[in-house]
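Reading the structure
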Amino acid sequence: MPIMKFDAIDRRILAALQRDARLTNVELAEEVGLSPSPCLRRVRLLEEAGVIAGYHASLDRKAVGLGLTVFVGIKVERHHDREATAFREAVKALPEVVSCHLVSGESDFLLQVVGPELAGYEKFLLGTLLKLPGVADIRSNFAIQTVKAGGALPLDHLPAPHPPADGKT
């Protein structure tokens with residue numbers, strides 16, 4: 001999918017919404033230097049293009065009783081389409097798995113798993129993860145401390161539209 005062209009206002013909109021998705025349209029428009037109607041149009045275009053994928057509340061894991069974070073490397077037996085699809089679909093259905101990535105290296109997949117405590121993870125590992133389709137090996141890495149999580153995406157690399165050849169805008 002080609003990257004759409006973003007101007008300075010689009011970038012400011014995206015940065016502001018990453019910082020605080022609860023901004024009203026009026027607050028957002030004021031922050032990015034637009035009037036509310038054009039601001040809302042731009043936000044809608046960014047949503048329709050799939051650039052803004054959604055809005056959510058960021059919860060404190062410990063405050064909701066999920067103080068354990070485990071990064072789980074999983075090696076699968078074979079990469080056949082049927083097994084790979086079954087594994088992916090099974091992982092997507094697990095609420096304890098907050099992210100799953102196909103990776104290169106020692107593991108085939110890297111999962112980020114949350115839970116209340118070690119005993120709960122042990123039960124999840126033995127009762128669920130080891131029973132997933134095609135699993136050959138599992139390596140668990142326990143997070144000791146979270147230094148940074150859920151950071152905003154950097155936007156400086158986005159292509160900007162080129163100014164007209166005559167220098168007029």
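Thresholds, definitions, all that
Residues numbered from 1 in each chain as written. Predicted model: local features only at pLDDT ≥ 70, side-chain atom pairs only at ≥ 80, totals over all residues. Heavy atoms only, no water. Helix = DSSP H or I, 4+ residues; strand = E, 2+ residues; numbered from the N terminus. Rg over C-alpha atoms; globule rule 2.2 N^0.38 Å. Buried < 20%, exposed > 50% of the residue type's maximum accessible area, 1.4 Å probe, protein only. Contact = heavy atoms within 4.5 Å. Pairing = 2+ DSSP bridges. Axes fitted to C-alpha atoms, helices over the stretch in contact; angles between N-to-C directions. Core = buried A, V, L, I, M, F, W, Y, C linked by side-chain atoms within 4.5 Å. Parallel < 35°, antiparallel > 145°, perpendicular 65-115°, else oblique. Nonpolar A, V, L, I, M, F, W, Y, C, P; charged D, E, K, R; others polar. Phe/Tyr/Trp six-rings, centres within 6.5 Å; stacked < 30°, edge-to-face > 60°.

Notes on the overall build of the chain
For the chain, the helix and strand inventory stands at five helices and four strands. From first element to last, N terminus to C terminus, the chain shows the α and β order α-α-α-β-α-β-β-α-β. For a compact globule of 169 residues, the expected C-alpha radius of gyration is about 15 Å, and the chain comes in at 21 Å, more than 25% above that figure. Projecting the C-alpha coordinates of the chain onto the three principal axes gives extents of approximately 65 × 40 × 25 Å. Expressed as a percentage of its 169 residues, the buried residues of the chain come to 27%. Here the contacts in the chain between residues at least 6 apart in sequence split such that 67% fall between residues at least 24 apart.

Section: the pairing of strand β3 (residues 109–115)
Of all seven residues in β3, six are buried, a share of seventy percent or more. In this structure, strand β1 (residues 68–76) lies alongside β3, joined through seven bridges in antiparallel fashion. Note on β3: the bridge partner recorded for Ile 74 is Phe 109. In terms of strand pairing, strand β2 (residues 97–102) meets β3 through five bridges, oriented antiparallel. Residue pairing in the sheet places Ser 99 in a bridge with Gln 112 of β3.

So, the sheet that holds β1
Strand order in the open sheet formed by four strands is β2-β3-β1-β4, and the pairing between neighbours is antiparallel. Of all the strands in the sheet, the pair left with one neighbour each is β2 and β4 (135–142). Averaged over all neighbouring strand pairs, the angle between strand axes comes to 20°, with direction disregarded.

Brief notes about the nonpolar core
One finds Val 72, Ile 74, Phe 87, Leu 111, Val 113, Tyr 121 and Leu 129 to be the most contacted residues of the largest nonpolar core, which totals 19 residues. Of all the secondary-structure elements, those providing two or more residues to this core are β1, α4 (81–92), β3, α5 (118–127) and β4. With five residues, the top contributor of residues to this core is β1. Discounting chain neighbours no more than four positions away, the residues touching Val 113 are Leu 68, Thr 69, Val 70, Val 72, Glu 96, Val 97, Tyr 121 and Phe 124. Judged by nonpolar contacts, the second largest core, of 16 residues, contains Ala 16, Leu 28, Val 43 and Ile 52.

Re the packing of helix α2 (residues 25–32) against helix α3 (residues 36–48)
Direction vectors running N to C along α2 and α3 enclose 100°, while the axes themselves pass 9 Å from each other. When the axis of α2 is compared with that of α3, the two are roughly perpendicular. Between α2 and α3, the contacting residues are Asn 25, Val 26, Leu 28, Ala 29 and Val 32 on the first element and Pro 36, Cys 39, Leu 40 and Val 43 on the second. Class assignment of the residues belonging to the contact of α2 with α3 gives a composition of eight nonpolar, one polar and no charged.

Here we look at the packing of aromatic side chains
Following the criterion strictly, the structure yields two aromatic pairs and no others. Seen from their ring centres, Tyr 121 and Phe 142 are 5.6 Å apart, and the 90° between their planes marks the pair as edge-to-face. With Tyr 121 in helix α5 and Phe 142 in strand β4, this residue pair connects regions lying 21 residues apart in the sequence. Given a relative accessible area of 38%, Phe 142 falls into the partly exposed group.

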